[in-house]
Amino acid sequence: MSTATLPADFLQAITEGFPADFLTREPGDLQEYGRDWTRVYTPAPAAVALPRTTDEVARLLALCHQHHIAVVPSGGRTGLAGGAVAARGELVLSLQRMTRMGPVDLLGNTVRVQAGAVTEAIHHHCAEHGLTWPVDFASKGSSTVGGNIATNAGGVKVIRYGLTRQWVLGLQVVTAQGEVLELNGALEKNNTGTDLRQLFIGSEGTLGVITEATLKLTPLPGPQDVFLFAVPDVAAVLRLFRDARRQSAFSISAYEFFTDRCMARLGRHRKLRPPFETPSACYVLLEAESKDAAAVEGWLGSLFERELVTDGVQAQGAAQAAELWALREGISESLSATGLPHKNDISLPVAGLEAFCAELEAIFSARYPGWEICLFGHIGDGNLHVNVMKPDAMDKAEFLTHTKQADPTMFALVQKHGGSISAEHGVGLLKKDSLGYSRAPAELALLRTLKRALDPQGILNPGKVVDA
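Summarised in this report is the structure supplied together with it. Note that the structure is predicted; figures quoted are calculated from it, not measured.

## Overview of the pairing of strand β17 (residues 383-389)
Move 1: Counted residue by residue, β17 has 7 buried out of 7 residues, so it is predominantly covered.
Move 2: With burial as the criterion, each face of β17 is covered, one bearing N383, H385, N387 and M389 and the other bearing L384, V386 and V388.
Move 3: The pairing of strand β15 (residues 341-347) with β17 spans 7 bridges and is classified as antiparallel. Counted as the bridge partner of H342 is V388 from β17.
Move 4: Both strand β16 (residues 373-378) and β17 contribute to a ladder of 6 bridges, which runs antiparallel.

Put into structure tokens, the structure is as follows:
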């Protein structure tokens, strides 16, 4: 636990200018708010601030800037790159109390929300009006909109709707100096120079703190068909995807896959099993909006005739669809609950996935002989989640050292195939030293220039992404 202390005059200013419950230094709170889902770093914040308004955030950051106090912005802490970790005595700025959601604008199809609004709560709020914010992932019940935007989160529906940044019209951001910026409002069109809003989307809280957002909404999709298929290997996953994407009978909303090792961990943790008599090496979950039911039925029959799948099931109603989705959405939690995974969240051009996966197996054999590798991901948008599980007999420190040494081999392969070392969880602490595999030296230099310009003292999420 942290032994860091905050200046007495800073604490006095907090006591005099903020509510009594604004700051906590309770050990349990420091432990909880100082970490994210990585569970790699030991949390050690000096304190946790819990504002309710943008004004409180602005006044707090002005004080932190005055006293040179490092700040780690915090949302739902569901990230997997160490971006919300406070391990060096920083002050955690949690937005969890800022949950207000404004009325849905039915003419503009927008809604303005505070940064602490939970993703799933936004979905429910908008669904009453036949609309949705189509950013969706397994952690939607605990992730918050500020974190979604700060990491430009992806998720399971990117293949249809794209990334978070495509569904954010406007932002309210507080700078490191405590200045409040209103960026773009609810405008669809605003051609007045560089779009500053986009600087903060995906910046992981290193350039400013997002406190409110105006979100772009879209009509709820029509009835979705959900299928689960069994296939023999990753190559078959890609063959099936190629075939599904050529169909005109439906529009793909999600195309997810996971291996039998993921399924085994899911069974151990949640006691879930696939609805097939014979186990398979890989599974595919396909969600699609049908345009021609008869054509879909014909396509399903042809999959077996052409030996593209070995088994399959179509959900009969919403309850079974939820059961099939639970197989996919429970994986990440199950891996962490049944062991220590070393997670890599990588992406490739969709056209390059097949060649990349063919070479990836050789890396696993050479760098992790006999180790358990759990693969899953959003194949439809080129995103793979590679989870190397710690052998039971291996010490944690030895495991982390080994995986850190092995990562460059895989990152070099990602670079060779034109991919990214981080698809949707950001850079944080875990990927910082490897950023050069995805960003050219000139790009990194520009990122450092932006950091120095917007946060000259380096107090916002220090040590994450790039150093000034």
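## Looking at the pairing of β15
Move 1: Among the 7 residues of β15, 7 are classified as buried, and the element is accordingly described as predominantly covered.
Move 2: Covered by surrounding structure in β15 are P341, K343, D345 and S347 together with H342, N344 and I346, the residues of both alternating faces.

## Some points on the nonpolar core
Move 1: Core analysis: the largest hydrophobic core is formed by 51 residues, its most contacted members being F229, L240, Y255, F257, W299, F356 and I379.
Move 2: Residue contributions to this core peak at 7 residues, all from helix α8 (residues 234-245).
Move 3: The contacts of F257, once residues within four sequence positions are left out, are V234, V237, C282, Y283, V284, L375, F376, G377, I379 and L384.

## Notes on the sheet that holds β17
Move 1: Across the sheet, which stays open at both edges, the 7 strands sit in the order β14-β11-β13-β12-β16-β17-β15 with antiparallel pairing between neighbours. Edge positions in the sheet fall to β14 (311-314) and β15, since each has one partner strand and no second. The mean inter-strand angle of the sheet, taken between neighbouring strand axes irrespective of direction, is 15°.
Move 2: When strand β11 (residues 225-231) meets strand β13 (residues 282-290), the two strands line up antiparallel, connected through 7 bridges. The partner of F227 across the bridge, within β13, is L286.
Move 3: The strands touched by α8 within the sheet are β11, β12 (250-259) and β13, with β12 carrying the most contacts at an inclination of about 175°.
Move 4: This element, helix α10 (residues 293-305), spans β11, β12, β13 and β14 of the sheet and lies at about 5° to β11.

## Observations concerning the state of the cysteines
Move 1: Taken as a whole and assessed by the stated rule, the structure comprises 0 disulfides.
Move 2: C374 supplies the cysteine sulfur nearest to C262, a cysteine that is in no disulfide, at a spacing of 4.6 Å.

Rules used throughout
Residues numbered from 1 in each chain as written. Predicted model: local features only at pLDDT ≥ 70, side-chain atom pairs only at ≥ 80, totals over all residues. Heavy atoms only, no water. Buried < 20%, exposed > 50% of the residue type's maximum accessible area, 1.4 Å probe, protein only. Helix = DSSP H or I, 4+ residues; strand = E, 2+ residues; numbered from the N terminus. Pairing = 2+ DSSP bridges. Core = buried A, V, L, I, M, F, W, Y, C linked by side-chain atoms within 4.5 Å. Contact = heavy atoms within 4.5 Å. Axes fitted to C-alpha atoms, helices over the stretch in contact; angles between N-to-C directions. Disulfide = S-S within 2.5 Å.

Shape is all these values report; function is a separate question.
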